[in-house]
Amino acid sequence: GVEIAVLDLPSQHDPKGDCYNARFPKRADRQYRDWVRGETTRRGITLWDFHDLLPKSMFENTIHPTLEGNREIAAALANKITATLAVTEPGAAKRE
């Protein structure tokens, strides 16, 4: 079988009043993240949470990382994949 992992990609944190950034209210961001954590836990699926991986300076806008931001995401993803492949017990779900 193939292990499934859900990747929560970064979005720019640029608070404006009651908003997480120019696109999303803090409440919507929190609800979405809670839902993803709950669903992956309930289904026994690995969640790789990169939501807060990048600083504001590594975004072109609220959702599109810069070239350097994409490199950071790729490096973090490569590390997770490498660690997952190193797991010796088949089907062992890891939460990070």
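Up top is the structure.
Rules and cut-offs
Residues numbered from 1 in each chain as written. Predicted model: local features only at pLDDT ≥ 70, side-chain atom pairs only at ≥ 80, totals over all residues. Heavy atoms only, no water. Helix = DSSP H or I, 4+ residues; strand = E, 2+ residues; numbered from the N terminus. Buried < 20%, exposed > 50% of the residue type's maximum accessible area, 1.4 Å probe, protein only. Contact = heavy atoms within 4.5 Å. Pairing = 2+ DSSP bridges. Right-handed = clockwise from strand over helix to strand, strands pointing away. Expected span 1.5 Å × (residues − 1). Arc of directions from axis to C-beta.

S.K.: How should the side chain of Arg33 be read in this particular structure?
M.R.: Following the sequence through the fold, Arg33 ends up in helix α1 (residues 26–43). Given a relative accessible area of 15%, Arg33 falls into the buried group.

S.K.: Quick question: what am I supposed to make of the side chain of Ser11 here?
M.R.: Along the chain, Ser11 falls in the loop between β1 (5–8) and α1. Given the relative accessible area of 10%, Ser11 is considered buried. With residues near it in sequence (within four places) discarded, Ser11 still touches Tyr20, Asn21, Asp29, His51, Phe59 and Thr62.

S.K.: Teacher, can you tell me more about the pairing of β1 here?
M.R.: When a strand is regular, its side chains alternate between the sheet's two faces. As paired elements, β1 and strand β2 (residues 46–49) share four bridges and run parallel to each other. Bridge pairing in β2 places Asp8 opposite Asp49. In this fold, β1 hands off to α1, which returns the chain to β2; that crossover is right-handed.

S.K.: What exactly am I supposed to notice about α1 here?
M.R.: Because an α-helix packs 3.6 residues into every turn, residues spaced three or four apart end up facing the same way. Helix length check: α1, at 18 residues, gives a terminal C-alpha distance of 26 Å against a target of 26 Å (1.5 Å per residue), a fit within 8%. Turning to α1, its buried residues number three or more, namely Asp29, Arg33, Val36, Glu39 and Thr40. All buried residues of α1 project into a common sector of 135 degrees when viewed along the axis, lining one side. Of the residues in α1, the exposed ones pointing more than 90 degrees away from the buried face are Trp35 and Arg42. Among the structural elements, β1 and β2 are those in contact with the buried residues of α1. Looking one or two places after α1, you find Gly44, whose phi comes out positive at around 70 degrees.

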